[in-house]
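Fold and contact review
Listed below are the residues making up each chain.
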Number of protein chains: 2
Amino acid sequence: MATRGVSVTNKLREAVLGGDYAGGTRLNEVDLAEALAVSRTPIRAALSTLAAEGLLEYRPNSGYVVKAFAAKDIEGIYVVRADLEGLCARLVAQQGLSDLHRGLIHKVLEESEQLQNAEDWTDEVSDVWRDLNDRFHNTLIEASGNSHLAMMLRKSRAIPLLNQLKFRWFDVATLARSHDDHCQVFAAITSGQVVRAESIAAEHVYRSGQRIIEHWRKMDTRKPAAAAKARAA
Amino acid sequence: MATRGVSVTNKLREAVLGGDYAGGTRLNEVDLAEALAVSRTPIRAALSTLAAEGLLEYRPNSGYVVKAFAAKDIEGIYVVRADLEGLCARLVAQQGLSDLHRGLIHKVLEESEQLQNAEDWTDEVSDVWRDLNDRFHNTLIEASGNSHLAMMLRKSRAIPLLNQLKFRWFDVATLARSHDDHCQVFAAITSGQVVRAESIAAEHVYRSGQRIIEHWRKMDTRKPAAAAKARAA
DNA sequence: ATCATGGCGATTGCATACATTCAAAGCTGG
DNA sequence: CCAGCTTTGAATGTATGCAATCGCCATGAT
């Protein structure tokens, strides 16, 4: 078992990313310590870490507040992420795929293909698709062999509340389109079409970002109320 | 005055970036506390922060070690940075420059122009050029209005030892070329040539990365000795 | 009524004592 | 001499007490 500091950091990160705390919520050290049954020390370590990761904002002598993301921020993040995923695809196309990685991606695409035929659209299917999508992107990142790029993309994907939107995030049509994009990126990579690989991958991410921003704007209307409630509490 | 935690973090960050500790050096909490005349608490906070920033590596129950960068890592970082600076230039070209930012960049370019005529090549000139270069890039980043992009680029530029290489980093020819690149990026932006702006900016950064990697490889030979010494200490 | 001010409560910042863990030196038996 | 166990010490992990700071509210003067 890891140290309390690490485990508290993970728990807190998950909570923030999961949207348990509304943006702007102030995090009280003693409350958190009490809730997680540890002393303030590991809590402080966790808060410090999460602040450095960009999930919290720190103000000396004042404490930590959950960073609030506006629709404009999400757009900015997705512009960057789309560009980086494009770069990633380009790098992989340039240097070629190892047998291992090609096999992994092939498997993902096959499972995705099967998922298309699923008649009932349950939350479970949603989760499976999410997992497949993650595996596709993560395998590509790993195949790029660029650990710094990997870190940047990880940070660009760690946005609070995003996981909460998984329900009704996509319908059959968007899933089909997404799967098709994946196939084309893979095809471009295996045939060494670097420019195509980059364009398609970037556009693929950018499009999904646009969809998310739409949903975000809808939730954003209720945001002020949540922020106010947080301030009152 | 800020809290001890913050000030210690800044001091330590500067030390690591300045190359005061060789890559692989183990950072002892009590020694640091003694050296900086504070208790272990703010030291631990600083170490935690720097680890989250990617400058240190943390292993539970073992402590923090200064991250070691190989030439391959530097190359990976510069590939990402070149891409992001390209994105930055593209964004600015797309949305146009405000009068404020145009003025700032214009001033930087003028001062750079004057610097070309400096006959003696002292370290002071080196520092001035460094400052001008930073201002050019920072202004562009600010003009992009994308705070997430700004954060990513900041991280991509924070590499230990890089500042230490400032002596003999560039000669008159490379400075002239660099200045010319800046001018062309500016011209492309003001005339709305988005693709050119992106290409030139990316290539500009990539080239300077290549130059740095060359120098890095030369220093890398003495690296194993330094690492061994650190391990022994 | 508004603004300044001073104290009060709550929260964070820091130091230190103690617990825990890991690793390397030393010891014992073969 | 070596292998494996034991021990020991030095480092990190955690809890807690106290100090410092900030924001808020009440009080008073202009």
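So, how was this worked out
- Numbering of residues starts from 1 in each chain and follows the order in which that chain's sequence is written.
- A letter from A marks each chain and a number from 1 marks each ligand, given out in the order of writing.
- Totals for whole chains, interfaces and linings use all residues, but because this is a predicted model, local features are given only for residues with pLDDT of at least 70 and pairs of side-chain atoms are given and counted only at 80 or more.
- Only heavy atoms go into the side-chain values, all of them from the structure, while hydrogens and water stay out.
- Whether two residues touch is decided by their heavy atoms; if any such pair falls within 4.5 Å, the residues are in contact.
- A quick way to say it: buried area is the sum, across both parts, of accessible area lost when two parts are put together, with a 1.4 Å probe.
- Salt bridges are defined as contacts in which a side-chain nitrogen from Lys or Arg sits within 4 Å of a carboxyl oxygen from Asp or Glu.
- Nearness is defined per residue: one heavy atom within 4 Å of the molecule or strand is enough.
- Residues adjacent in sequence count toward polar contacts only when both atoms are side-chain atoms; beyond that, a polar contact is any pair of N or O atoms within 3.5 Å, and within protein one must be able to donate a hydrogen and the other to accept it.
- The helix count covers DSSP runs of H or I at least four residues long, the strand count covers runs of E at least two residues long, and both are numbered beginning at the N terminus.
- Lys, Arg, Asp and Glu make up the charged group, whereas Ala, Val, Leu, Ile, Met, Phe, Trp, Tyr, Cys and Pro make up the nonpolar group; the residues left over, Gly among them, are polar.
- Points on a 1 Å grid over protein atoms alone make up a cavity when a 1.4 Å probe fits among them but cannot get out, and a pocket when they form an open set with protein on both sides within 12 Å along at least five of seven lines; lining residues each have an atom within 4 Å of a point.
- Grid points are joined across faces, edges and corners, and a volume is the space filled by probe spheres set on the points.
- Each copy is superposed on the other by least squares, with the fit set by C-alpha atoms of residues at a pLDDT of at least 70 in both.
- Axis definition: a line fit to C-alpha positions, over the contact stretch in the case of helices; interaxial angles, taken between N-to-C directions, run 0 to 180 degrees.
- By convention the crossing between two helices is left-handed if the near helix lies anticlockwise of the far one by an angle smaller than a right angle, and right-handed if it lies clockwise.
- Two strands make a pair as long as DSSP finds a minimum of two bridges between them.

1. With respect to the interface of chain B and chain A
- Taken residue by residue, the interface counts 31 residues in chain B and 31 residues in chain A.
- Taken together, both faces of the contact between chain B and chain A bury some 2,300 Å²; the carbon and sulfur share is 64%.
- Ranking the residues of chain B by area buried against chain A places Asp83(B), His148(B) and Met152(B) at the top, with a combined share of 21%.
- On the surface where chain B and chain A come into contact, there are two salt bridges.
- For Asp83(B), the salt bridge goes to Arg90(A), with nearest N and O atoms at 3.8 Å.

2. Comments concerning the protein's contact with DNA strand C
- Not every one of the 20 residues close to DNA strand C is listed here, only the nearest: Arg44(A), Tyr58(A), Arg4(B), Ser39(B) and Thr41(B).
- Put simply, 74% of the atoms of DNA strand C that lie within 4 Å of the protein are in sugar or phosphate.
- Between a phosphate oxygen of DNA strand C and a side-chain N or O atom of Arg44(A), the distance comes to 2.7 Å.
- At 3.3 Å from a phosphate oxygen of DNA strand C is found a main-chain nitrogen or oxygen belonging to Gly5(B).
- Counting only elements with at least two residues in the surface near DNA strand C, the list comes to β1 (26–27) and α3 (40–53) of chain A together with α1 (4–17) and α3 (40–53) of chain B.
- Per-element tally for the surface near DNA strand C: the top contributor is α3(B), with three residues.
- Among the residues forming the surface near DNA strand C, the class breakdown is five nonpolar, nine polar and six charged.

3. Quick word on empty space enclosed by the protein
All names here are of chain B.
- If you walk through the whole model with that rule in mind, you get four cavities of 30 Å³ or more.
- Looking at the second largest cavity, its volume works out to about 50 Å³.
- Together, Thr-174, Arg-177, Ser-178, Asp-181, His-204, Arg-207, Ser-208 and Arg-211 line the second largest cavity.
- Along the lines of polarity and charge, the residues of the lining of the second largest cavity split into no nonpolar, four polar and four charged.

4. So, the relation of the copies chain B and chain A
- With an RMSD of 0.1 Å, the operation that places chain B on chain A is a rotation of 180° combined with a shift of 0.0 Å along the axis. Between the two chains, the operation in question is that of a two-fold axis.
- In this assembly the copies share their binding face: 100% of the residues contributing to the interface of chain B also contribute to that of chain A.

5. As for the protein's contact with DNA strand D
- The local shell around DNA strand D holds 20 residues, among which Arg4(A), Ser39(A), Thr41(A), Arg44(B) and Tyr58(B) are the closest.
- Sugar plus phosphate, as a fraction of atoms of DNA strand D within 4 Å of the protein: 72%.
- Contact distances for DNA strand D include 3.4 Å between a sugar or linking oxygen and a side-chain N or O atom of Asn61(A).
- Taking Arg44(B), its side chain carries an N or O atom lying 2.7 Å from a phosphate oxygen of DNA strand D.
- Those elements that place two or more of their residues in the surface near DNA strand D are α1 (4–17) and α3 of chain A together with β1 (26–27) and α3 of chain B.
- Here the element with the most residues in the surface near DNA strand D is α3(A); it accounts for three residues.
- Counted by class, the surface near DNA strand D contains five nonpolar, nine polar and six charged residues.

6. Comments concerning the packing of helix α4 (residues 71–95) of chain B against helix α7 (residues 147–157) of chain B
Residue and element names in this part refer to chain B.
- Orientation of α4 relative to α7, taken along the N-to-C sense of each, is 145°, at an axis distance of 10 Å. For α4 against α7, the interelement crossing comes out left-handed. Residues Ile-77, Val-80, Arg-81, Leu-84, Glu-85, Leu-87, Cys-88 and Leu-91 of α4 pack against Leu-149, Met-152, Leu-153, Ser-156 and Arg-157 of α7.
- Across the contact of α4 with α7, the residue classes tally to nine nonpolar, one polar and three charged.

7. Observations concerning the sheet that holds β1(B)
- Judged by pairing direction, the sheet is antiparallel, and its three strands sit side by side in the order β1-β3-β2 (chain B) without closing on themselves. For this open sheet the edge positions go to β1 and β2 (56–59) of chain B, each flanked by a neighbour on one side alone.

8. A look at the sheet that holds β1(A)
Residues and elements named next belong to chain A.
- If you trace the three strands from one edge of the open sheet to the other, you get β1-β3-β2, paired in antiparallel fashion. The outermost strands of the open sheet, each flanked by one partner alone, are β1 and β2 (56–59).
- Summarising the sheet, β2 and strand β3 (residues 63–66) pair through four bridges and their orientation is antiparallel. Bridging across to β3, Glu-57 finds its partner in Val-65.

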